[in-house]
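Here is how the chains run, residue by residue.
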Amino acid sequence: MIRTLPSSKTYKIGYTIFIALFYVFLFAPLIVTCVLAFNNSNFPTLPWKGFTLDWFFANNGQRVGVFEDSDLLSSMYISFETGFYVSVMSLIVGTMGAFLFVQEKFRFKGALYFLALAPLVIPGVILGISILLSSTIAGGFVDQHFGIDIPFLRPSFSLVVLGQFSFITTFVVLVVSAKLKKFDGTLEEAALNLGASRFDVIRLITLPYLKPALIGSFIVSFLMSFGNFNTTLFLVGSDTTLPIDLYSRIRDGSTPVLNAVSFLLIFGTSLLAVFNLIYNNVKNKE
Amino acid sequence: MSKIKWGFYIFLIPVLLWLFLLIVFPHIDLFVNSFRSQNNLGDSIWSLANYKAFFSDSVYWYTFVRTAVYSILVTFLTFIVTFPVAFYITKVVSVKFSGFLALLLLMPFWVGELVSVYGWMILLRESGIINFFLLKMGIIDTPLKMLYNDISMIIGLVYMSMLFMIVPIMSSLEGMDDSLIEAASDLGASKFTIIRKIVIPHAAPGIVSGSIVVFMLVLGDYLTPDLLGGKNALWFTEQIYNEFIASFNWNEGAAFGFLLLALSTSIIWLALKITNQSFEKAVS
Amino acid sequence: MDNILEVQHISKKFAGHTVIKDLNFGVREGDFFSILGPSGCGKTTLLRMIAGFLEPTSGKVIIRGEDMSGIPPNKRPVNIVFQSLALFPMMNVKENVAFGLRRRKFTNKEIDEKVFSMLSRVGLEDYGNKAVTQLSGGQRQRVAIARSLVLGPSILLLDEPLGALDRKLREHMKIELKLLQAELGTTFIYITHDQSEALVMSNKVAVMNSGNFDQLDTPKNLYKFPATSFVAGFVGETNKFDISTQKTENNMMNITTKKGWKLEKRFFEDEEHNFLFIRPESIILKPDDKLKDVSRFMIKVKTILFDGSNTKISAYTKVGDERILIALPQNARFENIAVGDEMEAAVHHNDLKCYKE
Ligand SMILES: Nc1ncnc2c1ncn2[C@@H]1O[C@H](COP(=O)(O)OP(=O)(O)OP(=O)(O)O)[C@@H](O)[C@H]1O
Ligand SMILES: [Mg+2]
């Protein structure tokens, strides 16, 4: 039943079929979506009516491809921007948190750590409404007492960034502190002993050690942000992110242009995955 | 070793800002506002009206319980589907392929929930791909209504949750020494006994943490129930959305949000108590 | 006498539990000073206090006449070779060795020269660009030592540096380390729980027992005249017996083991003794009749533990049936000793080491 233990033939075949079905289940929706992005039909379904790139490049009365659809392009751009800000901020604050929780001793550390993990069990919708609520209250308060209108406290780009940042940071804390816990503290001591300052130690020893974890959590943070829907839904203003835009289009009746967008996303993330795989292989060989 | 104190505060302050401004205060606001409502004159007053509304309207009640029960069901189904896969990847398939198979698992997460849901819609709807092939092969004459019901919703929820279950299970199985299974088998245990007595207990921490994350994600999901569940698939997050965005009744929405939060924390707390795990351990 | 290191009445407590107890000693410049003790006796704790990673609860560390209290580890003139080596995995061999020099702001040219000459000294001049993960255990060892020595420390602290190596390599590195130290003249403070390492390499050995030194002496004295029963039992192989003693008229002492084996010894010290130690090689098989000042007894050979030059026999005394290990020299005289043989054996009075506790 494991690599070293023989099993009966029926068991093996049955198991393999199950696994194969699982992967079919996993990839069917993705593959179908990709294939239909190239179907020369006005609806994202079969039968196959021939190959076309219309859903990417066309711009006539009937069909507008992804690259000609300014709304889609702008929401894509906004998602990129959101993803960038969120992952940079989460990476910085999350790494700081990991250092605090792993390497420092201070009062209320346990309670603070508990709080830092809490977003894992707070549904995204709740995070969205609670941040919406308190930013609106804060905005109203400032407006009433000081007569200043702070636009970013209303549903807006910055609120989306803050909302996503609030739970993605938890993820960074977890990944970086897991790596930091495995860090051999004597490396830092050795560096100190050889005359390095505290700052040198972090710059030359600890950060290089954490680098793979930092790169990994940056990528995953970006993807979490890019694909986020549940929290964003409540915080989004006029700058819609891609998932919100796609959502409203799906509700209004879908055209294969959505398949084209999905294809780009699937293709892009596959490239990222391959890149990641190669990077790790190179790292391991070193 | 002498510690530079200000260095510590440079690290501490952003973390405190994050946790208090974005987690603690918003939830306090949520809690406080769930006890406010407007009286006849339109003034804001303290009241239990929001919670009364919840308990007096059976639709709310029904949706709430239904959401909880379905979330548990989806968590369980996700475990059933993914456990054999996790075992296969970590213990059965040759090491050469295990990395690749594990990487493939990440795809649905990487492309995002929306794209996967869209893919399922294309597959399942009346004019969808599955119906197309079934009609073509002559198995059915009229298209089946597979979308917009509980089954399609559950499929979508299981699909988007699988990764979060399988990764912790795989990591706890990876830490398990193969010789334990070899020893058990050598001592005459059947496959079923080995799975039940050796493998599952060993994977328990991973199963618990996977279940917590999956349960929470499913319970708090809006997108999948909304798009795959159709009109009558009432999900509690949809009620919250309606209160907030459609009816603009934020106080009642806050109360609903708070109830959902209470539900998720109490079920997770209960699960941790039953399985004897600690929260910090389970999630890291 | 000017000591390069003075440790004055140092103590260390961890959460109320005392690990180092009022320790007081000095190390002379150029010494190869070993601290020998069982696992958990506080060796690493002592070393970390000297290096500055731990503050002593009380007492002082003085290096070259300068009080080190409050001086951080990166400012102390001592370098340490860690038990785990702590080579930086993200840097290659050269960068590891150059690390400390760079912190001291040497020019690139000086760094290159120093690194190269240090690497040549430890025989790794061709390995500068290798990743540290590609080296063998012994090579990693040498990189760790080179990395510390290149800074020219007043004192090099080594925490069981050979612990991770296999036996053969350990024997080899033992000699190499000794030669390196003799060549450089740097003071080494060497921690180990392996008595052979301590005895072979050092000119001074301190035997540490639960937070304090039982004896600080030359290797030879340590072996020949253990000050306490702990030292007698810890350093070298030995036979240990629970005994009671009794004074006789002619200034002799009767020794009786628990099981009733009887021996006698001249030079009675006035107190009662409870433990007796006899080294396997101090027992003379088939002694001459003329031999004086010895205690004689009969044994019966139970098994022969063949181990080349280290071969021993496990025997039982005829009186008292005490089990005893005896060294068996591999020469023609003892060639035909076989299991089951009975013969006479003897121990010189000076080799019967008695202790009160
Ligand atoms: N930071 C600490 N906190 C509490 N107790 C400690 C700490 N460091 C060491 N100890 C205790 O102090 C005692 C001595 O530890 P130390 O590491 O000095 O032993 P050692 O002689 O180096 O042992 P080994 O040969 O195994 O390396 C041990 O009982 C250990 O548990
Ligand atoms: Mg130690």
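Structural data are supplied above this passage.
A. Here's a closer look at a nonpolar patch on the surface. Residue and element names in this part refer to chain B. Together, Tyr9, Ile13, Leu17, Phe20, Leu21, Phe25, Ile28, Phe31, Val32 and Trp46 make up a nonpolar patch on the protein surface, roughly 960 Å² of accessible area in all. Element by element, the count of residues in the nonpolar patch is highest for helix α1 (residues 5-33), at nine residues. Mapped onto the secondary structure, Phe31 falls in helix α1. Judged by relative accessible area, Phe31 falls into the partly exposed class, the value being 38%.

B. Representation of the pattern of salt bridges. Taken as a whole and assessed by the stated rule, the structure comprises 18 salt bridges over all chains. Residue Arg249 of chain A pairs with Asp69 of chain A through a salt bridge whose shortest N-O separation is 3.1 Å. Of this pair, Arg249 of chain A sits in helix α10 (residues 242-251) while Asp69 of chain A sits in the loop between α2 (54-57) and α3 (70-103), placing them 180 residues apart in sequence. Its relative accessible area of 13% is what places Asp69 of chain A among the buried residues. Across the pair Arg103 of chain C and Asp200 of chain A runs a salt bridge whose closest N-O atoms are separated by 3.3 Å. Taken together, the residues span two chains, with Arg103 of chain C in helix α2 (residues 93-103) and Asp200 of chain A in helix α8 (residues 198-227).

C. View of the interface of chain B and chain A. Chain B puts 94 residues into the contact, and the matching count from chain A is 91 residues. For the chain B and chain A pair, buried surface summed over both sides reaches about 8600 Å², with 80% attributable to carbon and sulfur atoms. Contact with chain A buries surface across chain B, with Trp18, Trp110 and Tyr118 of chain B losing the most and accounting together for 10% of the total. Taken together, the connections running from chain B to chain A amount to one salt bridge. Asp226 of chain B is the partner of Arg251 of chain A in a salt bridge, and the nearest nitrogen-oxygen pair spans 3.7 Å. Connecting chain B to chain A are 12 residue pairs in polar contact (both at pLDDT 80 or more). In terms of residue count, the dominant contributor to the side of chain B that touches chain A is α1 of chain B (18 residues).

D. Expanded view of the site of ligand 1. Residues and elements named next belong to chain C. In the vicinity of ligand 1, the contacting residues are Phe14, Val19, Ser39, Gly40, Cys41, Gly42, Lys43, Thr44, Thr45, Gln83 and Glu160. Ser39 is positioned with one of its side-chain polar atoms (N or O) 2.4 Å from an oxygen atom of ligand 1. In the model, an oxygen atom of ligand 1 is placed 2.9 Å from a nitrogen or oxygen of the Lys43 side chain. Here ligand 1 loses 58% of its free accessible area of 640 Å² to cover by the protein chains. Broken down by element, the shell around ligand 1 gets its largest block of residues, three residues, from helix α1 (residues 43-51). Residues of the shell around ligand 1, tallied by class, amount to three nonpolar, six polar and two charged.

E. Here's a closer look at the sheet that holds strand β5 (residues 66-67) of chain C. Residues and elements named next belong to chain C. Spatially, four strands are ordered β2-β1-β4-β5 in an open sheet, and the strand pairing comes out antiparallel. In this open sheet, the two edge strands, each paired with only one partner strand, are β2 (17-28) and β5. Pairing of strand β1 (residues 3-14) with strand β4 (residues 58-63), which is carried by five bridges, proceeds in the antiparallel orientation. For Leu5, the partnering residue across the bridge sits in β4 and is Ile63. Across the face of the sheet, α1 comes into contact with β1, β2 and β4 while running at roughly 120° to β1.

F. Just the packing of aromatic side chains, in detail. A complete count under the given rule lists 58 aromatic pairs over all chains for this structure. Arranged with centres 5.4 Å apart and planes meeting at 35°, the rings of Phe236 of chain B and Phe256 of chain B form a pair that is tilted. Of the two residues, Phe236 of chain B is situated in helix α12 (residues 236-246) and Phe256 of chain B in helix α13 (residues 250-275); the sequence distance between them amounts to 20 residues. Summarising the burial analysis for this pair, Phe236 of chain B and Phe256 of chain B share the class buried. Ring geometry for Phe241 of chain C against Trp261 of chain C: centres 5.3 Å apart, planes inclined by 70°, an arrangement best described as edge-to-face. With Phe241 of chain C in strand β11 (residues 239-247) and Trp261 of chain C in the loop between β12 (252-257) and β13 (262-266), this pair connects stretches of sequence that are 20 residues apart. For the pair formed by Phe241 of chain C and Trp261 of chain C, the shared burial category is buried. In this arrangement the basic side chain of Lys240 of chain C is found over the ring face of Phe275 of chain C, its NZ or CZ atom lying 4.8 Å from the centre.

Definitions and limits used
Starting from 1, residues in each chain are numbered consecutively following that chain's sequence as written. Chains carry letters and ligands carry numbers; both start at the beginning, A for chains and 1 for ligands, and go up in the order they are written. The model is predicted, so local features are restricted to residues of pLDDT at least 70 and side-chain atom pairs to those at 80 or more, both for listing and for counting; the totals for chains, interfaces and linings are taken over all residues. The side-chain values count all of the structure's non-hydrogen atoms but skip hydrogen atoms and water molecules. In this analysis, a patch consists of residues with relative accessible area above 30% that form no salt bridge, clustered at 9 Å for like charges and at 5 Å for the nonpolar side chains Val, Leu, Ile, Met, Phe, Trp and Tyr. A 1.4 Å probe and the Shrake-Rupley method give the accessible areas. Residues count as covered only by the protein chains that appear here. Between Lys or Arg on one side and Asp or Glu on the other, a salt bridge is scored when a side-chain nitrogen of the former is within 4 Å of a carboxyl oxygen of the latter. In DSSP terms, a helix is any run of H or I states spanning at least four residues, a strand is any run of E spanning at least two, and both are numbered starting from the N terminus. Burial status follows relative accessibility: with a 1.4 Å probe on protein chains alone, a residue under 20% of its type maximum counts as buried, one over 50% as exposed, and anything between as partly exposed. Every residue pair with non-hydrogen atoms within 4.5 Å of one another is taken to be in contact. Computed with a 1.4 Å rolling probe, the buried area is the accessible surface lost when two parts are put together, summed over both parts. As used in this structure description, the phrase polar contact means that two N or O atoms lie within 3.5 Å; if the pair is within protein, one of them must be able to donate a hydrogen and the other to accept it, and residues adjacent in sequence are counted only when both atoms belong to side chains. The near set for a molecule or strand comprises every residue that places at least one heavy atom within 4 Å of it. Ten residue types, Ala, Val, Leu, Ile, Met, Phe, Trp, Tyr, Cys and Pro, are classed as nonpolar, four, Asp, Glu, Lys and Arg, as charged, and the remainder, Gly among them, as polar. Note: two strands are recorded as paired if DSSP finds a minimum of 2 bridges between them. In this description, a line fitted to the C-alpha atoms serves as the axis of each element, helices being fitted only across the stretch in contact, and the angle between N-to-C directions of two axes falls anywhere from 0 to 180 degrees. Pairing of aromatic rings covers Phe, Tyr and the six-membered ring of Trp, with a centre-to-centre limit of 6.5 Å; geometry is then stacked below 30 degrees between planes, edge-to-face above 60, and tilted otherwise. Cation placement over rings: the criterion is NZ of Lys or CZ of Arg within 6 Å of the ring centroid and within 35° of the ring normal.

Keep in mind that these numbers describe shape and distance, not what the molecule does.
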